[in-house]
Amino acid sequence: MAANMLTADKSKLELFMSFINSQPSYLSPTGRFQRSLNLPSMYLHPSNASLCISAIIPRAGSCRAVVKDSSSSVSVEKVSKMSTEHSHEFELSSLTALSPLDGRYWGKVKDLAPYMSEYGLIYFRVLVEVKWLLKLSQLDEVKEVPSFSDEGQSFLQGLIDGFTVNDALEVKRIEKVTNHDVKAVEYFLKQKCQSHPEVAKVLEFFHFACTSEDINNLAHGLMLKEALNAVIFPLMDQLIKGICDIAKANAHIPMLSRTHGQPASPTTLGKEMAIFAFRLSKERREVSQVQIMGKFAGAVGNYNAHMVAYPNINWPQIAKEFVESLGLSFNPYVTQIEPHDYMSKLFHAIMEYNNILIDFDRDIWGYISLGYFKQITKAGEIGSSTMPHKVNPIDFENSEGNLGMANAGLSHLSEKLPISRWQRDLTDSTVLRNMGVVLGYSLLAYRSTLQGIAKLQVNEASLFKDLNDSWEVLAEPIQTVMRRYNIPEPYEKLKELTRGRAVTRESIREFIEGLDLPTKAKNDLLKLTPHTYIGAAVELAAGVADVAADLVNGAKI
C-alpha cells in the first residue's frame, strides 16, 4: 500500500519529501521530520501504529452516512456499501484517525511525533545498529571489522543524519516480508550499504550478537530521553513559571480560604498559587532525576554468543561503554530485556506531576465558579450552543480530562512493564508502543492549562466581598490571644459567639472590647480584619519563584 501511495501524486510527494535535505545531529530526528510542518498538517500525519501519508493523495467523492427519515436509524447497508466503495477515504487523516491525538488534537501534540511515532522508533533503531557497527570497528580484537576510513565513517553517520520518512517506509515494506520489525531494519541497512565498497565487506556485522531487545531497549530509552528533554520538560517548566507569575503578581491579594468548602482563615491568592508552583517543581525534579537505563547483553543477558565468537573480549565492559556512549545508564543485570524498572519509576513520577496539575485545574475551576477569576473572552468563541452568556472554564476541564487519560495509561505502563515471564515474554512490546500516547495526552493537557492561565483575570471585588462577609474567621486569632493571656475558656466563648450565627464587624468589635486584655493586645485585635489576617502569606508567595527555580534549574534527564 505504501508503495502505491508514493506514486499517487509525484509533485505533492516531492514537496512532502523536500524537508530531508538538512543534516541534524544524530540524536535528533526533528530536523528531517519537522521540516514538513510548513505543509498543511494533514500532509504529515504519522501515528504510533503506522506511517501513512495518504492525505497527499487526491480524494474523489465524499464520505457521508445516509439517514432514511427523521424517525429511522442510519442505514447499515448503505454505510457498509459506502465503506466498501470509498475505503480509500479512510486512510489515516485528521478526520479518520481513531485516536484524537492523531486527529482533532494533532496540531497540539505533533512536536512529539519525531520521537514517539513509528518513524521515531525506526530512526533510533537505525541509530543503534549503525553505532554498534562503528563500535565494533574500534575493537582491535574484532579484526574482521577494520577501522573505517573517514569517508566510511561519514557514510555510516549519513545513514543516521539523512534518515527520512521515505527510508522508514522502505523499512516498513521490508517488514511486510519479514514480519519482524527489527530484522527489517537490519536488512534495510544492508541494502543501503551494498554499494559502499568498505562497508559492504562487513555487512554481516550489522546486528552482530544482538537480540532484538538490545536494539529496542536502547531505542526506547533514546525516544523517551529526547522527547522529555525537547518537548515535555519545556512545557512542564512553562506551567511552573506561569503559576509562579500568578503567585508573585497576587502575593498581596487577600482571599478567603475554604476548608471542607466552608469559610476558613484567610490567605492570599498568590500564596495558594505558590503551593502548586512548589509542588510541581518538586515533582518535575523527580522526573528529571530518573536514570534511563540500557542493556546490550544478548539473548538472555549473559553475552553467550559474544563470548563464543570472541572469548577474549571483555564484553560486559564493551556493552557498558556502548550504552553510555548513547547517553544512557548501563544496567549489567538483565534477562533478554532491560527490566523496565526505570520506566515504572519515570511514568509514576510523570503521573504524580499530572495529579498535582489536576488538583490545580480543579481549584482554578472552583475559583472561577466563585467569581475570583474572570476569563478573558475571545471574539467569535461560543460557550454554549443555547446559552449565549456562558464563558466556560473549558481549558481547565479539557486539561483535567486529558490528564485522566494520560494517567490511566501511565498507571498501566508503570504496573505492567516491570513484569515479564522468565527471561522475557512479548507483553511489554505492544504496551511500549503506547508511550507516545501517554505523553501525548500529558502534553495536550499541559497546553490546555497554559491556555487557560493566559485567559485568567483576577476579580478583586469578588475576593473583597467574600472576606467582608466572613468576619467569623477572626474567631481563631481572638481565641488564640485569649489563650496567651490566660483568659478562661477562650475557644468555648468564641464558639458560642460564632458557630452557626451571623457575625459582623460590629459584633466582633463588641466582643473584643469586653475582653480583659492588655491595651496593646486589645488594640491589635481591634485593627484586625479578614483582609489583614493573612499571616506570612505575602512573603511565602513572593519567594516561590526562587524556590521553584532552585528545584528545577532547567534539569534534563
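Residues numbered from 1 in each chain as written. Predicted model: local features only at pLDDT ≥ 70, side-chain atom pairs only at ≥ 80, totals over all residues. Heavy atoms only, no water.

Enquirer: Help me understand the overall build of the protein, please; the structure alone is not making it clear to me.
Expert: Assigned secondary structure in the protein consists of 25 helices and 6 strands. Residue burial in the protein is summarised as follows: out of 557 residues, 51% are buried. Of all intrachain contacts in the protein linking residues separated by at least 6 positions in sequence, the fraction that spans at least 24 positions is 79%. Total accessible area on the protein is roughly 26800 Å²; 52% of this is exposed by carbon and sulfur atoms. (Helix = DSSP H or I, 4+ residues; strand = E, 2+ residues; numbered from the N terminus. Buried < 20%, exposed > 50% of the residue type's maximum accessible area, 1.4 Å probe, protein only. Contact = heavy atoms within 4.5 Å. Areas by Shrake-Rupley, 256 points an atom, 1.4 Å probe, with all protein chains shown as cover.)

Enquirer: Looking at this model, I keep getting lost on the packing of aromatic side chains. Mind explaining?
Expert: Pairs of aromatic rings are described using the distance from one ring centre to the other and the angle between the two planes. Tallied over the entire structure, the rule returns 15 aromatic pairs. On the basis of an interplanar angle of 55 degrees and a centroid distance of 6.1 Å, the ring pair of Tyr123 and Phe163 is categorised as tilted. Of this pair, Tyr123 sits in helix 7 (residues 118-137) while Phe163 sits in the loop between helix 8 (150-161) and helix 9 (165-178), and the two are 40 residues apart along the sequence. Residue Tyr123 shares its accessibility class with Phe163, and that shared class is buried. Taken together, Trp132, Phe205, Phe208, Phe296, Tyr310, Trp315 and Phe322 form an aromatic cluster joined through their ring pairs. The residue whose ring lies beneath Arg284 is Phe233, and the NZ or CZ to ring-centre distance is 4.1 Å. (Phe/Tyr/Trp six-rings, centres within 6.5 Å; stacked < 30°, edge-to-face > 60°. Lys NZ or Arg CZ within 6 Å of the ring centre and 35° of its normal.)

Enquirer: Where do I start with the pattern of salt bridges in this structure?
Expert: Proximity of charged atoms lets side chains of opposite charge pair with each other. Evaluation of the coordinates by the stated rule reveals 26 salt bridges. In this structure, Glu170 engages Arg173 in a salt bridge whose closest nitrogen and oxygen atoms are separated by 2.7 Å. One end of the pair is Glu170 and the other is Arg173, both in helix 9 and 3 residues apart, which spans about a single turn. You can call Glu170 partly exposed: its relative accessible area is 24%. The exposure class of Arg173 is partly exposed, given its relative accessible area of 40%. Put simply, Lys455 and Asp395 hold a salt bridge, and the shortest N to O gap is 2.9 Å. (Salt bridge = Lys/Arg side-chain N within 4 Å of Asp/Glu carboxyl O.)

Enquirer: Looking at this model, I keep getting lost on the side chain of Glu118. Mind explaining?
Expert: Looking at where Glu118 falls in the secondary structure, it is placed in helix 7. Since its relative accessible area comes to 3%, Glu118 is described here as buried.

Enquirer: Would you mind showing me how to read the confidence of the model for the protein here?
Expert: It should be kept in mind that the predicted coordinates are not to be read in detail where pLDDT is low. On average, residues of the protein score 87 in pLDDT, and 82% of them are at 70 or above. Within the model, the stretch residues 1-26 combines pLDDT values under 50 with 56 contacts to residues more than four positions away or in other chains. Here residues 35-72 scores under 50 on pLDDT; set against residues more than four positions off or in separate chains, the count is 90 contacts. (pLDDT = per-residue confidence, 0-100.)

Enquirer: Where do I start with helix 19 (residues 460-468) in this structure?
Expert: One full turn of an α-helix is made of 3.6 residues, so residues set three or four places apart face in the same direction. By the burial criterion, the buried members of helix 19 are Ser462, Leu463, Asp466 and Leu467. Burial along helix 19 is one-sided: seen end-on, the buried residues are contained in an arc of 135 degrees. Seen from the open side of helix 19, the exposed residues pointing more than 90 degrees away from its buried face are Ala461 and Lys465. Looking at the packing, one finds that the buried side of helix 19 touches strand 1 (254-259), strand 2 (262-268), helix 12 (269-288), helix 15 (341-370) and strand 6 (456-458). (Arc of directions from axis to C-beta.)

Enquirer: Any chance you could explain empty space enclosed by the protein here in plain terms?
Expert: Taking a probe equal in size to a water molecule and rolling it over the atoms shows the remaining empty space. A complete count under the given rule lists 2 cavities of 30 Å³ or more for this structure. There is about 80 Å³ of room inside the largest cavity. Lining the largest cavity are 11 residues, and of these Met116, Ser117, Leu121, Met223 and Arg433 sit closest to its centre. At the level of secondary structure, the elements contributing two or more residues to the lining of the largest cavity comprise helix 7, helix 11 (212-249) and helix 18 (435-455). Tallied by class, residues from the lining of the largest cavity come to 5 nonpolar, 4 polar and 2 charged. (1 Å grid on protein atoms, 1.4 Å probe; cavity = no way out; pocket = protein on both sides within 12 Å on 5 of 7 lines; lining within 4 Å. Points joined across faces, edges and corners; volume = space filled by probe spheres on them. Nonpolar A, V, L, I, M, F, W, Y, C, P; charged D, E, K, R; others polar.)

Enquirer: Got a minute to help me understand the packing of helix 7 against helix 11 in this structure?
Expert: What describes two packed helices is the angle between their axes and the distance between those same axes. Following both chains from N to C, one finds helix 7 and helix 11 inclined at 120 degrees, their axes separated by 8 Å at the closest point. By the angle class used here, helix 7 and helix 11 are oblique. Seen along the crossing, helix 7 lies across helix 11 with a hand that is right-handed. Here Gly120, Leu121, Phe124, Arg125, Leu127, Val128 and Glu129 of helix 7 lie close against helix 11, whose contacting residues are Ile215, Asn216, Leu218, Ala219, His220, Leu222, Met223 and Glu226. When its residues are assigned to classes, the contact of helix 7 with helix 11 shows 9 nonpolar, 3 polar and 3 charged. (Axes fitted to C-alpha atoms, helices over the stretch in contact; angles between N-to-C directions. Parallel < 35°, antiparallel > 145°, perpendicular 65-115°, else oblique. Left-handed = near helix turned anticlockwise from the far one by under 90°.)

Enquirer: Hey, could you run me through unusual backbone geometry in this one?
Expert: Trans peptide bonds make up the majority, and among non-glycine residues the majority have a negative phi. Even without being a glycine, His260 presents a positive backbone phi close to 60 degrees. On the secondary structure map, His260 appears in the loop between strand 1 and strand 2. Since its relative accessible area comes to 80%, His260 is described here as exposed. Phi is positive for Asn486, close to 60 degrees, though the residue is something other than glycine. Summarising the element assignment, Asn486 is placed in the loop between helix 20 (475-484) and helix 21 (490-498). Asn486 sits in the exposed class, given a relative accessible area of 68%.

Enquirer: Just checking my understanding: could you explain the pairing of strand 1 for this structure?
Expert: A regular strand places its side chains on the two faces of the sheet in alternate fashion. Bridging between strand 1 and strand 2 involves 5 bridges; their strand directions are antiparallel. Each bridged residue has a counterpart across the sheet, and for Met255 the counterpart in strand 2 is Thr267. (Pairing = 2+ DSSP bridges.)

Enquirer: It is not clear to me how the environment of Gln153 should be interpreted in this structure. Could you clarify?
Expert: Mapped onto the fold, Gln153 is located in helix 8. Counting along the chain gives 46 residues from Gln153 to Val199, while the straight-line C-alpha distance between them is 9.2 Å.

Enquirer: Whenever I open this one, the packing of helix 7 against helix 8 confuses me. Can you help?
Expert: Between helix 7 and helix 8, the shortest axis-to-axis distance is 8 Å and the interhelical angle comes to 165 degrees. Between helix 7 and helix 8, the angle falls in the class roughly antiparallel. Helix-helix and strand crossings are classified by hand; for helix 7 and helix 8 the assignment is left-handed. Where helix 7 approaches helix 8, its residues Tyr123, Val126, Leu127, Val130, Lys131, Leu133 and Leu134 are matched on the opposing element by Gln153, Leu156, Gln157, Leu159 and Ile160. Partitioned by chemical class, the residues of the contact of helix 7 with helix 8 number 9 nonpolar, 2 polar and 1 charged.

Enquirer: Just checking my understanding: could you explain the environment of Thr532 for this structure?
Expert: You can see Thr532 is positioned in the loop between helix 23 (519-527) and helix 24 (537-542). Of the residues examined, Thr532 reaches a relative accessible area of 47% and is grouped as partly exposed. Between the alpha carbons of Thr532 and Ile253 there is a distance of 9.9 Å; along the sequence they are 279 residues apart.

Enquirer: Is there a simple way to think about the nonpolar core in this case?
Expert: Here is a general trend for soluble globular proteins: nonpolar side chains tend to be buried in one another's company. Core analysis: the biggest nonpolar cluster contains 136 residues, and Leu156, Leu224, Phe296, Trp315, Phe347 and Tyr446 have the highest contact counts within it. In terms of residue count, helix 11 provides more of this core than any other element does, 19 residues in total. In this structure Leu224 touches Met116, Ile292, Tyr342, Met343, Leu346, Phe347, Met435 and Leu439, once residues within four positions along its chain are discounted. (Core = buried A, V, L, I, M, F, W, Y, C linked by side-chain atoms within 4.5 Å.)

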